[in-house]
Amino acid sequence: MGVNKANIAVPTALEHILMLTKVEQFMNWSRATSVWPVTFGLACCAIEMMAAGASRFDFDRFGSGIFRATPRQADLMIVAGTVSAKMAPVIKTIYDQMPEPKWVIAMGSCATCGGPFDSYATIQGVDKIVPVDVYIPGCPPRPESLIYGFMKLQDKIMNSSLADKYRELFEPAHS
Amino acid sequence: MSYVFDPSSAPNAKVNMPSTAPVPGLAAHIADKKATEAAEEAKWQKTYSDYEAAKTKAESEGAEPPKPPVRPVAKSDAYDMQWPVPKEPEDQDLKTLVELLGESVEETFEQAGELICQINKTAILNALTTCNQEVSLRYEMLSDMTATHYPAGDGYKFSVVYHLTCIRRRKRLRLRVLIPEGFEPESATQVYPGANWLEREIFDMLGIRFANHPDMTRILCPDDWEGHPLRKDYPVVGLGQRNVDFREDRSGKLMRRAMEAAGHLNINLKPIKAD
């Protein structure tokens, strides 16, 4: 046949029990597959977030079904709904209470840009108060959209680098 | 950029101020009707005098006289929707109220089957007490309490409206006061304790302070909010575009104060003050 068996590398006994990777990649893999969101819903988008967590869409498949009731145990804040001016300091407080590394998903039109509420009481996008990693459009977005946005966040985490984080923290001029 | 309320710097700060104060009322309705009729009469007189002048001119010249004009008759369609106009009070409750309150009643009328009574701004507490305590009235519930801003009002700038309900007789009554800018009406909490949060909402949205209220603070907007959003001169859109800056620790001091007030629980509830 056409297969040249001599070119196939036979794993040694050592390689059967060992996997070689970088620390950075290993950390990213562990972080991306166990992102715990904080239980935090503001408006109707939160209903879709609950649906994404329930059995039909099953957020748990991606290691992210454990919605924590305290920001101190959470890695991800899904801002699901309209951000009013009175709620803004509360969101900021919750974000500050989350330990590093932490990520934010702006779910829906309201959290992304204010949506239809161009009024005095609505913050025009949650990125005015906290940094946002992934924006998900929709009014409200379907659970598929949220899952897709979450997988984009997983890609971002897998591609992140400790050197980038170091630069971001200590050499902001060069980043 | 710090968190500063500046309506003029809002992207869409243009505000169209209303030029009229459309407060519904019997006297206003009658005056409006009279003005409309007078305008129609004047129009008809002008048409007729024009016709007569043309007629005399035609007669002097020996020409064909013009056709006489026909006065238009107002159309009335029984199947058309009728705007509910204010009518003279016929309900016994309104008559009782006028009898008991006397001079302090400024106007009473019925509109669309609803009872409306306008009270002098200084006598509103007496009127509410009467409505609540009088045996023949006994309006025991304050269903709602609202206010409206009339920047073009003559002698007043706000109307405060009390919606009372009598549960036993299944009746509703509306009391209204017209107040100028800066006037503090007596708080209804002295008669109806449920008016507490309603009056706080009116203060928050329109800036009307109520005298003898147990806790005259904002209820919907944050405590350090500037301006009153339901006033007509408040820009509707554009203010949301402002930047929010937390470097000043906008909520820190107020949050501490609120936590102290709520017994170190982070609850947005105000303590009940002892008598």
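Scroll up to find the structure.
Residues numbered from 1 in each chain as written. Chains lettered and ligands numbered in written order. Predicted model: local features only at pLDDT ≥ 70, side-chain atom pairs only at ≥ 80, totals over all residues. Heavy atoms only, no water.

### Remarks on the packing of aromatic side chains
Step number 1: One pass over the full model with this rule turns up nine aromatic pairs over all chains.
Step number 2: When the centroid spacing of 6.1 Å and the interplanar angle of 65 degrees are considered together, the rings of Tyr120 of chain A and Trp225 of chain B count as edge-to-face. With Tyr120 of chain A in the loop between α5 (108-113) and β3 (134-136) and Trp225 of chain B in the loop between α4 (195-206) and α5 (252-261), this pair bridges two chains. The residues Tyr120 of chain A and Trp225 of chain B share a single accessibility class, namely buried. (Phe/Tyr/Trp six-rings, centres within 6.5 Å; stacked < 30°, edge-to-face > 60°. Helix = DSSP H or I, 4+ residues; strand = E, 2+ residues; numbered from the N terminus. Buried < 20%, exposed > 50% of the residue type's maximum accessible area, 1.4 Å probe, protein only.)

### What about the pairing of strand β2 (residues 114-119) of chain B?
All names here are of chain B.
Step number 1: Across the six residues that make up β2, a large majority, five, are buried.
Step number 2: Bridge analysis of strand β1 (residues 105-111) against β2 gives six bridges, and the strand direction is antiparallel. The partner of Glu107 across the bridge, within β2, is Gln118.
Step number 3: Hairpin connection between β1 and β2: a loop of two residues separates the two successive antiparallel strands, and Ala112 in this loop has a positive phi of roughly 55 degrees.
Step number 4: Where β2 and strand β5 (residues 171-179) come together, four bridges link them in parallel fashion. Within β5, the position partnered with Ile116 by the bridge is Arg174. (Pairing = 2+ DSSP bridges.)

### Quick word on the sheet that holds β1 of chain B
Residue and element names in this part refer to chain B.
Step number 1: The five strands lie next to each other as β1-β2-β5-β4-β3, forming an open sheet whose pairing is mixed. Each edge of the open sheet is held by one strand with a lone partner, namely β1 and β3 (141-149). Neighbour-to-neighbour, the strand axes of this sheet turn through a mean angle of 20 degrees, independent of strand direction.
Step number 2: Seen against the sheet, α4 touches β3 and β4 (158-166) and runs at an angle of roughly 10 degrees to β3. (Axes fitted to C-alpha atoms, helices over the stretch in contact; angles between N-to-C directions. Contact = heavy atoms within 4.5 Å.)

### What about the packing of helix α2 (residues 23-32) of chain A against helix α6 (residues 143-159) of chain A?
Packed helix pairs are characterised by how far apart their axes lie and by the angle those axes make with each other.
Residue and element names in this part refer to chain A.
Step number 1: Viewed as axis vectors pointing N to C, α2 and α6 meet at an angle of 160 degrees, and their least axial separation amounts to 8 Å. Comparing the axis directions of α2 and α6 gives the class roughly antiparallel. Judged by the sense of rotation from one axis to the other, the crossing of α2 with α6 is right-handed. Across the interface between the two elements, Asn28, Trp29, Arg31 and Ala32 from α2 touch Gln154, Ile157 and Met158 from α6. (Parallel < 35°, antiparallel > 145°, perpendicular 65-115°, else oblique. Left-handed = near helix turned anticlockwise from the far one by under 90°.)

### Quick word on the nonpolar core
Step number 1: In this structure, Met77 of chain A together with Ile119, Tyr162 and Leu175 of chain B are the most contacted members of the largest nonpolar core, which totals 63 residues.
Step number 2: Per-element tally for this core: the top contributor is α4 of chain B, with six residues.
Step number 3: Leave out the neighbours within four places in its chain, and Met77 of chain A touches Val38, Phe40, Ile91, Ile94, Tyr95, Met98, Trp103, Val104, Ile105 and Val130 of chain A.
Step number 4: Counting residues in hydrophobic clusters, the runner-up holds 22 residues, among them Cys45, Leu76, Trp103 and Ile136 of chain A. (Core = buried A, V, L, I, M, F, W, Y, C linked by side-chain atoms within 4.5 Å.)

### Points about helix α3 (residues 45-53) of chain A
Side chains three or four residues apart in an α-helix point the same way, a direct result of the helix having 3.6 residues per turn.
Residue and element names in this part refer to chain A.
Step number 1: For α3, every residue scored as buried is listed here: Cys45, Ala46, Glu48, Met49 and Ala52. The buried residues of α3 occupy one face: seen down the axis, they fall within an arc of 155 degrees.
Step number 2: Close packing links the buried residues of α3 with β1 (76-80), β2 (103-107), α5 and α6. (Arc of directions from axis to C-beta.)

### Some details on unusual backbone geometry
Step number 1: The residue after Glu100 of chain A, namely Pro101 of chain A, is reached through a cis peptide bond having omega -5 degrees.
Step number 2: Relative to the helices and strands, Pro101 of chain A is located in the loop between α4 (88-97) and β2.
Step number 3: Positive phi, normally seen in glycine, also occurs at Ala112 of chain B, with a value near 55 degrees.
Step number 4: With respect to the secondary-structure elements, Ala112 of chain B resides in the loop between β1 and β2.
Step number 5: With a phi close to 55 degrees, Arg138 of chain B is a non-glycine residue in the positive phi region.
Step number 6: Looking at the secondary structure, you find Arg138 of chain B in the loop between α3 (124-133) and β3.
Step number 7: Given the relative accessible area of 26%, Arg138 of chain B is considered partly exposed.

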